[in-house]
Every structure is written in structure tokens, then in C-alpha cells.
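Structural overview for review
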Amino acid sequence: MAAAGAVVRFPMEQYTVMGLTEALTKVPRHWRLLHRLGRDLRAGRYDLVILVDYPEFNLRLAVAAHEAKIPTLYFIAPQLWAWRPRRAATIRAAVNHLAVILPFETEYFHGLGIAATFVGHPLVEQSWPTRTEARTALGLHERDRVLALLPGSRVQETQRLWPAFREVGLQLLAEGACDTVLLAARMESDYPDHGPIRLHDGESARVLAAADAALVKSGTTTLEAACTGTPMVVAYRVHPLTAWIARRLLSITRISLVNLIGSEEIVPEFLQEAAKPEHLIAAVRPLLDQDGIEARKQRAALESVRSRLGAPGAAQRVVAVAEGLLAA
């Protein structure tokens, strides 16, 4: 956004955090930010508010904008279909329109009396490398059996996932199930004792496209793997207290976006205590055989998921909704 000319008043890297208990440390800073923005809204500094994801903060900001009589467009809507559906009342009252990125969300929000437009997923805007292109760029042979590891970019994610992911990669290398293990690394994270696992600090898309199979964290990464057509196993761990609270709040039985879009278990999921190396190894191993039944079945299902993400042009469709609100 800064490169496009936007004035970034409050860099969000200072505010973001994963998990419910982890977020408590950032609450005071968020309240100060909300108070300052509320003052700007009441002063008439803005004509339109576009909120992006981040519902715990943004829904409060939407209320402040509504009270200041400023229209609000919410892009990437709160996941009411997953947890805390009571927030629908706040959205109906304070948000003028939702621009949603998952294909099933339009019908869901319309059923709650909330105006929503499916604009398509931003990932379809990207140009995804082919398997050959990715392998050439990474210096891999076409016949190599390659496993990709994507434990996430946030420090909290890598700290909880890396030990199990590392064990999976090392064990599958040792037994000869794969020839190369690629880790999509981030400079701000630490990956101790990675041994023969290759670290690639660059585009995760290239790592995914080059791989026969991937072990990935839950989240948008699963859709990236769908876009590259890479069979995957999903794992995730959070603080035990966060997990305890989430189990009591979630209204869905699957958490991977590919499984939610496909309305079935397309990819295996291993959460919390279940994300043990032995479970992950058993699930990943058959996917490394490109011609195997499990890999072929998953690739076909992932192609179906990718087709449901919409056509390119999501940003332009969001702009059209925003212009409509400004002209109203």
C-alpha cells in the first residue's frame, strides 16, 4: 500500500498477533489506536472507511464510523460462519457492505440480512509458477521427489510447528521417501537444527510449485497450495489456553480453507496434540508418490477448489463497490 502511494499512519506490524491469549498483551495499544481514529472520524477527516479482515479491532472501528455517519466497506469479512455468529448484529448495524472472498459467504451473509458481494479471492490475481519453472529456478531435477515445509511466518507459529515439521522432513529423507526437503523460511524466524533441509528465503509459491507434496500450517497457505496444485497435509498448534477457548467457540469441524470451500475433507488436518511427527509422516508419505491414488485424488479436488475462488479482478470489484458507497 505504501508503494502504491498510501500514507501509512500506523504500521500494523506493531499491532498484529496470533491467538486469543497472545492478543491480551496488545490490548492497551489497540484501545489507544481506536480512540485516536475515532477522534479523526468525528472530525470528518474521512469520506469512506475500508476495513480489511482483523475483526476484533475493525468491528469496533466500524461502530465508530457509523456513529460519525461515515460509510463503511468491509473487505475480507469476519468469519461468522466459523465462530461468534452474534457479531452479525453489529455488522448489520454498522457496516454498509461486505466484499467477501470465499464463494459460500455471499449466501451466508444474505441469509443474515447483510449486504455482501463476492469479489473473488486475491490469490487468483497472482501468476503462479509451473512445476518446471519452479524446479529450474531452485536447481532441482525433474525426477527429484520434493517435500515442501511451510510452518508459517510468525514467530509464534514457527516456534510451535517447526520441531514437528523438522522431524517429518528429516525422517522422510532418512527413509528415502523423498530426495529433497525445502523449507519456505522467513528471515525473522529461527529454524534450529535443520540439517539437510534446504532453506529458501523467498517466494513460498516457488517452493510449493516445485514440491510433490507439502506439509503446511493452516490458513491462506492452504489456498496457495491449491493454486499450485500441490497435495498437502495441514497442521496447526496454538497456546493450550487459546485452543481450549477455540474449541468452545468454533462452530465448524474443519479449519482448512480448502476443506471449507470443498465442503469435505480434501486434505488431512492435524491440530494441537494430533500434530505429532508420526501422524504427519504417515499422512505425507503417500502424497510424495505423484502417480499414487491419494496424490491424484487430492490434486483433482484442489483444482475444483481453485476454480471456485473466482476470476481475476478482485481489486477492481472492491473499487466498484467502494465507488458506489461514495456516490450514495
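Anything mentioned here points back to the structure above.
Residues numbered from 1 in each chain as written. Predicted model: local features only at pLDDT ≥ 70, side-chain atom pairs only at ≥ 80, totals over all residues. Heavy atoms only, no water.

**Some details on the overall build of the protein**
In terms of helices and strands, the protein carries 14 helices and 10 strands. Computed over C-alpha atoms, the radius of gyration of the protein comes to 21 Å, within 12% of the 20 Å expected from 2.2 N^0.38 for 328 residues, which places it in the range of a compact globule. For the protein, the C-alpha atoms occupy an extent of roughly 65 × 40 × 40 Å along the three principal directions. Taken over 328 residues, the protein has a buried fraction of 47%. Taking as baseline every contact in the protein between residues at least 6 positions apart, the subset at least 24 positions apart corresponds to 62%. By element, 55% of the accessible surface of the protein is carried by carbon and sulfur atoms, the whole surface being about 16,300 Å². With 37 positive and 34 negative side-chain charges, the protein shows a spacing of 7 Å between the two charge centroids. (Helix = DSSP H or I, 4+ residues; strand = E, 2+ residues; numbered from the N terminus. Rg over C-alpha atoms; globule rule 2.2 N^0.38 Å. Buried < 20%, exposed > 50% of the residue type's maximum accessible area, 1.4 Å probe, protein only. Contact = heavy atoms within 4.5 Å. Areas by Shrake-Rupley, 256 points an atom, 1.4 Å probe, with all protein chains shown as cover. Lys, Arg positive; Asp, Glu negative; His and termini not counted. Charge placed at Lys NZ, Arg CZ, Asp CG, Glu CD.)

**Quick notes on the sheet that holds strand 5 (residues 146-150)**
Read from one edge of the open sheet, 6 strands run 7-6-5-8-9-10, paired in parallel fashion. Each of the sheet's edge strands pairs with one partner strand only, and the pair in question is strand 7 (198-200) and strand 10 (269-271). Ignoring which end each strand starts from, the neighbouring axes of this sheet average 20 degrees apart. (Pairing = 2+ DSSP bridges. Axes fitted to C-alpha atoms, helices over the stretch in contact; angles between N-to-C directions.)

**Digging into the packing of aromatic side chains**
Throughout the structure, instances matching the rule amount to 4 aromatic pairs. Between Y108 and F109, the aromatic rings sit 5.3 Å apart at their centres with planes inclined by 85 degrees, giving edge-to-face as the arrangement. Residue class for F109 comes out buried when judged on its relative accessible area of 0%. (Phe/Tyr/Trp six-rings, centres within 6.5 Å; stacked < 30°, edge-to-face > 60°.)

**Observations regarding the pattern of salt bridges**
Applying the stated criterion across every chain, the model contains 10 salt bridges. In this structure, D40 and R45 form a salt bridge, with 3.9 Å as the shortest nitrogen-oxygen distance. D40 sits in the buried class, given a relative accessible area of 11%. For R45, a relative accessible area of 48% corresponds to the partly exposed category. Here the salt bridges do not stand alone but share partners, grouping R131, R135, E142 and D212 into one network. (Salt bridge = Lys/Arg side-chain N within 4 Å of Asp/Glu carboxyl O.)

**Looking at the nonpolar core**
Grouped together as the largest cluster of nonpolar side chains are 50 residues, with contacts concentrated most on L223, M232 and V258. It is helix 8 (residues 204-210) that contributes the most residues to this core, 5 residues altogether. Non-local contacts of L223, meaning those with residues more than four positions away in its chain, are made with H121, L123, L257, V258, I261, V305 and L309. Counting 28 residues, the second largest nonpolar core, distinct from the first, contains F165, L172, A185 and Y191. (Core = buried A, V, L, I, M, F, W, Y, C linked by side-chain atoms within 4.5 Å.)

**Considerations on helix 7 (residues 155-174)**
With 20 residues, helix 7 should cover 28 Å at 1.5 Å per step; its first-to-last C-alpha distance of 28 Å lies within 8% of that length. At L161, helix 7 shows its largest kink, close to 45 degrees, and the proline P163 lies no more than four residues downstream. Every buried residue of helix 7 is listed here: E157, T158, L161, W162, A164, F165, R166, V168, G169 and L172. Of the surrounding elements, those touching the buried residues of helix 7 are strand 5, strand 6 (180-184), strand 8 (213-217), strand 9 (232-236) and helix 12 (277-284). Looking at the residues trailing helix 7, positive phi occurs at G176, about 80 degrees. (Expected span 1.5 Å × (residues − 1). Bend = angle between axes of the 7 residues up to and from the residue.)

**With respect to the pairing of strand 1 (residues 49-52)**
Only one face of strand 1 is buried, namely the one carrying V49 and L51, since none of I50 and V52 on the opposite face is buried. Across 4 bridges, strand 1 lies against strand 2 (residues 72-75) in parallel orientation. Its bridge partner lying in strand 2, V52 is registered against F75. Assessed by its sense of winding, the connection that carries the chain from strand 1 through helix 3 (residues 55-67) to strand 2 is right-handed. (Right-handed = clockwise from strand over helix to strand, strands pointing away.)

**Considering the sheet that holds strand 4 (residues 116-118)**
Taken in spatial order, the 4 strands of this open sheet run 1-2-3-4, and their pairing is parallel. The sheet is open, and its two borders are formed by strand 1 and strand 4, each paired with just one other strand. Taken pair by pair, the neighbouring strands of this sheet meet at an average axis angle of 20 degrees, ignoring direction. In the packing of helix 14 (residues 314-327) onto the sheet, contacts are made with strand 1, strand 2, strand 3 (97-100) and strand 4, and the angle to strand 2 comes to roughly 165 degrees.

**Section: the layout of surface pockets**
There is about 240 Å³ of room inside the second largest pocket. In this structure, the second largest pocket is lined by E264, E265, I266, V267, P268, A283, L287, I293, E294, K297, Q298 and A301. A total of 5 residues in the lining of the second largest pocket trace back to one element, the largest contributor, which is helix 13 (residues 293-307). For the lining of the second largest pocket, the residue count by class is 7 nonpolar, 1 polar and 4 charged. (1 Å grid on protein atoms, 1.4 Å probe; cavity = no way out; pocket = protein on both sides within 12 Å on 5 of 7 lines; lining within 4 Å. Points joined across faces, edges and corners; volume = space filled by probe spheres on them. Nonpolar A, V, L, I, M, F, W, Y, C, P; charged D, E, K, R; others polar.)

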